[in-house]
Amino acid sequence: MDMLMDREVIRNEALLLLTHLTREAEEIKKIVVFEGAFEKIFSIIREEGGSDGGVVVQDCLELLNNLLCNSASNQILLRETIGFDPLVSILKLRASTYSFTQQKTINLLSALETITLLILGVPDTEIAKDSDKMTNKTVLVQKNVIDHLLMLGVESQWAPVSVRCAALRCIGDLIAGHAKNRDALASKVLGEEPQLEPSLNSILRIILRTSSMQEFIAADYVFKCFTEGNADGQTMLASTLIPQPNSMTHAPPEEDVHMSFGSMLLQGLTLSESEGDLETCSRAASVLSHVLKDNIQCKERAIRIELEAPTPSLGGAEPLMHRMVKYLALASSMKTKDGKSISGNLIVQPIILKLLVIWLSKCPNAVQCFLDSRPHLTYLLELISSPSATVCIRGLAALLLGECVLYNKSAENGKDSFTIVDSISQKIGITAFLMKFDEMQKSSIFTSVKSAQPRKPLTRSTAASMAEIEDVEESELPDQKKEDHPFLSLILDAQFVNFLRGLEDEIRESIVEVYSHPKSQVAVVPAELEQKSGEADREYIERLKLFVEKQCFEIQGLLGRNATLAEELAKSGGGSEQRTSGVSDRVQVDALRRDLQEASQRLEFLKAEKAKLESEASKYRNIAEKTESDLRSLSDAYNSLEQANFNLEKEVKALRSGGSGLDLEALKAEAREEAQKESEAELNDLLVCLGQEQSKVERLSARLLELGEDVDKLLEGIGEEDDAALPEDEDEEE
């Protein structure tokens, strides 16, 4: 550490020694920092001329990065002692020097790596140290580091591609998960009067116009970080998605810097269908996927966007989603003049598929919009089974089709999930379809994402190669579309891959569920189990028998279908090459076993219902027989009564016509005798009553005499009234 202040030659050798000593040894790092390493490092950098300095500046920055890497305490010490100002000043470009030598490029890359270390903090730490990372981000933005990064990454088009890419990645890391930093970036305006435009528009312009694939990926990363967990930012960007007339669509971007973000994005999405424009379309699609991700409101807004046809003869307006599917199909069919497939399409199709997968996720209306055009389903089925498509393209297409089942809420015939599953079963096969997921998980793209290595430090041995970033040449790309594009792993990042993995499990369960319960097996309508008005019991019983037999037939078919599916899945997971997907296969088999058990229980239930119905039918039959017997008995009784009545009438007629006078006199005498007996009985009853009344009169008379009343006077006239009534009574008696 003392030698750092010695003569230049000794100082430089001491620097090299310290860079070697501090790469791994934590204790040596602490000693060096407490000996004032930060002050000495920045002092040497200033003496050497900052980013314009020589290899010594590179060595100083390498030592600084060693001290800060994976050391939260050293990062805090730097922030709270000398601060970040000396570091930020290294990124500042002098107005007179726009030339970038290789050494200057390496120095800037080293300084940008330092910024990245401070932004990312120490990985796998507790929440307290994570707050240190957020503090680093806040302080860096307060020191106007965004302005310098925008100058290097966006405005300095003369800067090397490697520097522009590193600066853009730094911007993305700086705003990731930090609301204030996102707002700071969105509020920045670049350029000079009158050509001012928002910084996000400038970054989008880079995406649409750059010839470098790596610069596109770096700029796209900025939008990914800006929209991640930022629903308000997504809504703000989506609100500008307003289609422009065709006359403005084909205007060169440089002629209209005042175009809104959404208009510029739609212009990139809807350019004509030449090779270059399809790649531009895919880049714009990548940005749109970030705007729509996990935001139903933005997805619904994008569904409503309708675009004019390039020429009126091609028809009316069409939804933006349908235009994307159209470009997806065009990308697979376009050829070069010598008949070879266009290599750029190796990245066009996966990006458009990524957009559609994100768009349809958890959005039934988007699924409905996608299925509104019947050729879309046919094209996806062909793409999934196409031998010329890459493993990644087939897998993403299978996921997209799986979403049409998982998030399908349509009841319309031909667009519901049952129809789609039946189409998959007929055209591809359920087992072959699910195997597309496993093939994609085993592809180089997904395995390279899973085993992503931490960023390598910039050293003297690696600096030269990193400073001269070049895109993959056309001749180096995979031939005949058999392999995926080498940059695809940068676009399908780890977060998206994890999202696909979770989506894949849901799709498997959904397809097995729909396949196990086909549409023909509908819920029992209660009306079918009720007797119709005017329907005879025998007809009702026969109809119930037919209904139960039909249900049993459907259940047997379902059991056979589930058994076939379980057998196919078991076979697909039996080989050694399928071991990696064994867990998911077991889950599917368990689900099938549960489905079979449920089907068996339902079959038993239907059998019990059938027995119950047969029992009731037998009961009704007995009741009907008893009723018939009762009716027969009543009929016999009625007939006997009729016969008796007929006999009586016959006797009456005989008596009236041919009976003797003696018989009549005898009958009269008998009747008189009976009447006399009845009158005597009544007379005896009256006499008893009169005797009772006489006793009452005697008691009342005695009582009246005691009270001094004249009883005879009171009884006068009573007898006369009774005598006057007697003649009538006698007449009545006669």
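Residue positions are counted from 1 within each chain, in the order its sequence is given. Owing to the predicted nature of the model, reporting of local features is limited to residues with pLDDT of at least 70; listing and counting of side-chain atom pairs is limited to 80 or more, with chain, interface and lining totals taken over all residues. Processing note: side-chain calculations cover all non-hydrogen atoms of the structure and skip hydrogens and water entirely.

If you check an unreviewed UniProt entry, the chain appears there as Golgin candidate 6 isoform X2 from Punica granatum. UniProt positions are given in the numbering used here, feature names are shortened, and annotations may be inferred rather than shown by experiment. Under the Subcellular location (unreviewed entry) heading, UniProt states for the chain: "Golgi apparatus".

J.: Mind showing me how you'd approach the overall build of the chain here?
T.: Secondary structure is summarised from DSSP: a helix means a run of H or I of at least four residues, a strand means a run of E of at least two, and numbering begins at the N terminus for each. Looking only at helices and strands, one finds 34 helices and four strands in the chain. Contacts were defined at the residue level, with two residues in contact if any of their heavy atoms lie within 4.5 Å. Taking the intrachain contacts of the chain between residues at least 6 apart in sequence as the baseline, contacts between residues at least 24 apart amount to 73%. Split by element, the accessible area of the chain, about 39200 Å² in all, is 54% carbon and sulfur. In short, Shrake-Rupley with a 1.4 Å probe defines the accessible areas, and a residue's cover is counted only from the protein chains shown.

J.: It is not clear to me how the confidence of the model for the chain should be interpreted in this structure. Could you clarify?
T.: Do not read the predicted coordinates in detail wherever pLDDT is low. What pLDDT reports is the predictor's confidence in each residue, on a scale of 0 through 100. Residues with a pLDDT of 70 or more make up 79% of the chain, whose mean pLDDT is 81. Every residue in residues 336–340 is under pLDDT 50, and counting partners more than four places away or in other chains gives two contacts. Taken together, the stretch residues 471–481 has pLDDT below 50 and engages in 25 contacts with residues farther than four places along the chain or on a different chain.

J.: Help me out: how do you make sense of the pattern of salt bridges in this one?
T.: Any two side chains of opposite charge can pair, so long as their charged atoms come close to each other. We define a salt bridge as a side-chain nitrogen of Lys or Arg found within 4 Å of a carboxyl oxygen belonging to Asp or Glu. Summed over all chains, the structure comprises 19 salt bridges. A salt bridge links Arg 11 to Glu 47; its shortest N-O distance comes to 3.6 Å. One end of the pair, Arg 11, is in helix 1 (residues 8–21); the other, Glu 47, is in helix 3 (residues 37–48), with 36 residues separating them in the sequence. A cluster of three or more residues bridged by salt bridges with shared partners is formed by Arg 11, Glu 47 and Glu 48.

J.: I keep staring at a negative patch on the surface and nothing clicks. Help me out?
T.: Residues form patches when they are more than 30% accessible in relative terms and have no salt bridge. Like charges link within 9 Å. Nonpolar side chains (Val, Leu, Ile, Met, Phe, Trp, Tyr) link within 5 Å. None of His or the chain ends enter the tally, which takes Lys and Arg as positive and Asp and Glu as negative. For the purpose of locating charges, the reference atoms are NZ of Lys, CZ of Arg, CG of Asp and CD of Glu. On the surface, Glu 670, Glu 674, Glu 678, Glu 682 and Asp 685 cluster together into a negatively charged patch. Note on classification: 1.4 Å probe, protein chains only; a residue is buried when its accessible area is under 20% of the maximum for its type, exposed when over 50%, partly exposed between these limits. You can call Glu 678 exposed: its relative accessible area is 53%.

J.: Can you walk me through the state of the cysteines in this structure?
T.: Cysteine pairs can be covalently joined through their sulfur atoms, and such a bond is termed a disulfide. Cysteine sulfur atoms are paired as a disulfide whenever they fall within 2.5 Å. Under the defined criterion, the tally for this structure stands at zero disulfides. No disulfide involves Cys 363; its sulfur sits 9.2 Å from the nearest other cysteine sulfur, which is in Cys 369. Given the relative accessible area of 1%, Cys 363 is considered buried.

J.: Explain the environment of Asp 595 here, please?
T.: Structurally, Asp 595 is set in helix 31 (residues 582–658). Ignoring any residue separated from it by four or fewer positions in sequence, one finds Asp 595 in contact with Val 512, Glu 513, Ser 516, His 517 and Asn 562.

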